[in-house]
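Structural overview for review
Now for the letters of each chain:
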2 protein chains.
Amino acid sequence: AGDAEAGKAKAAICAACHGANGIAAIPGYPNLAGQNEQYIVSALKAYKNGERTGAQAMVMKPQAAMLSDADMENLAAYFAQMK
Amino acid sequence: AGDAEAGKAKAAICAACHGANGIAAIPGYPNLAGQNEQYIVSALKAYKNGERTGAQAMVMKPQAAMLSDADMENLAAYFAQMK
């Protein structure tokens, strides 16, 4: 499992769309607060690997491309533990 | 916006993986309770349109393929209003 504190340190850019509290400020963007940790990791890997395409993937693919596997696990742990 | 009651009537198959209460019983599957309504619609359309591929899309593409746009809006309304 990831390290939520390490995830928090990487999460500032996520907050721009997904909210500092994990509740998306932008309609059509997913809330991440309390989301399943493994699902967040698999979604990030899918964006990075090109398994998700289309309009939202155009935003997320370059973000995910900057993340290591450990970064993804840490970010997932951070958002998963939010209430 | 969709009709949550109509969505509920279509949601039994969703509950098998995403939980009757919108909290996934299976690790790695996303919780849907309280998720952004427009995001749920866009995710379902992305699965139907082949914009998501990979292991989880193998499960979701055939599910989404059975749903009309109205079905998607109704299911999204149903899960979005769950607490």
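The structure reproduced in this document is the subject of the present report. (Residues numbered from 1 in each chain as written. Chains lettered and ligands numbered in written order. Predicted model: local features only at pLDDT ≥ 70, side-chain atom pairs only at ≥ 80, totals over all residues. Heavy atoms only, no water.)

Quick notes on the overall build of chain A
In plain terms, the rule: Going along the chain from the N terminus, every DSSP run of H or I of four or more residues is numbered as a helix, and every run of E of two or more is numbered as a strand. Here the radius of gyration uses the C-alpha set of atoms, whereas the globule reference equals 2.2 Å times the residue count to the power 0.38. Burial classes follow relative accessibility: with a 1.4 Å probe on protein chains only, a residue under 20% of its type's maximum area counts as buried, one over 50% as exposed, and anything between as partly exposed.
Looking only at helices and strands, chain A has five helices and zero strands in total. Computed over the C-alpha atoms, the radius of gyration of chain A is 11 Å, within 12% of the 12 Å expected from 2.2 N^0.38 for a compact globule of 83 residues. Across its three principal axes, chain A shows a C-alpha extent of roughly 30 × 25 × 20 Å. The buried share among the 83 residues of chain A stands at 42%.

Some thoughts on the relation of the copies chain B and chain A
The operation relating the pair of chain copies consists of a rotation about an axis and a translation along that axis. For the record, the criterion: In this comparison the copies share one frame, found by least squares on the C-alpha atoms of residues holding pLDDT of at least 70 in both. A contact between two residues is defined here by any heavy atoms of the two lying within 4.5 Å.
With an RMSD of 0.0 Å, chain B superimposes on chain A once it is rotated by 180° and translated 0.0 Å along the axis. Such a combination of rotation and displacement between the chain copies is what one expects of a two-fold axis. Among all residues of chain B, the one whose C-alpha sits closest to the rotation axis is B:Arg52, at a distance of 2.2 Å. Both copies contact each other with a shared surface, as 100% of the interface residues of chain B are interface residues in chain A too.

Points about the pattern of salt bridges
Residue and element names in this part refer to chain A. This is how it is decided: For this document, the term salt bridge refers to a Lys or Arg side-chain nitrogen within 4 Å of an Asp or Glu carboxyl oxygen.
Under the criterion given, the structure shown has two salt bridges over all chains. Salt-bridge contacts for Asp 71 lead to Lys 10; the nearest nitrogen and oxygen are separated by 3.6 Å. On the criterion of sequence distance, the pair formed by Asp 71 in helix 5 (residues 69-80) and Lys 10 in helix 1 (residues 4-10) is long-range, its members being 61 residues apart. By relative accessible area, Lys 10 is classed as partly exposed at 41%.

Remarks on the side chain of B:Asp71
Its relative accessible area of 14% is what places B:Asp71 among the buried residues. The residues touching B:Asp71, leaving out its near neighbours within four places in the chain, are B:Lys10 and B:Met66.

Digging into the packing of aromatic side chains
The geometry of an aromatic ring pair is captured by the separation of the ring centres together with the interplanar angle, meaning the angle of the planes. Note the threshold: Note on ring pairs: Phe, Tyr and Trp rings are taken, using the six-membered ring of Trp, and paired if centres are within 6.5 Å. Classes follow the plane angle, with under 30 degrees stacked, over 60 edge-to-face and the rest tilted. Comment: the charge-over-ring label is applied if NZ (Lys) or CZ (Arg) is within 6 Å of the ring centre and within 35 degrees of the ring normal.
The full count for this structure, using the stated rule, is two aromatic pairs over all chains. Over the ring of B:Tyr47 we find B:Arg52; its NZ or CZ atom is 4.9 Å from the centre of that ring.

Some thoughts on the side chain of B:His18
Residues and elements named next belong to chain B. Which entries qualify depends on this criterion: Residues adjacent in sequence count toward polar contacts only when both atoms are side-chain atoms; beyond that, a polar contact is any pair of N or O atoms within 3.5 Å, and within protein one must be able to donate a hydrogen and the other to accept it.
With respect to the element layout, His 18 can be found in helix 2 (residues 12-18). A polar contact of 2.8 Å, which involves the side chain of His 18, links it to the backbone oxygen of Pro 30. The contact partners of His 18, leaving out residues within four places of it in the chain, are Ile 23, Ala 24, Pro 30, Leu 32 and Met 60.

Digging into the interface of chain B and chain A
Quick note on the threshold: Each residue receives one of three labels: charged for Asp, Glu, Lys and Arg, nonpolar for Ala, Val, Leu, Ile, Met, Phe, Trp, Tyr, Cys and Pro, and polar for the others, Gly being one of them.
Listed as interface residues are 18 residues of chain B and, on the opposing side, 18 residues of chain A. Our count for the chain B to chain A interface comes out at zero salt bridges. The tally of links from chain B across to chain A stands at ten residue pairs in polar contact (both at pLDDT 80 or more). Each residue belonging to the side of chain B that touches chain A can be placed in one class, and the counts come to six nonpolar, ten polar and two charged.

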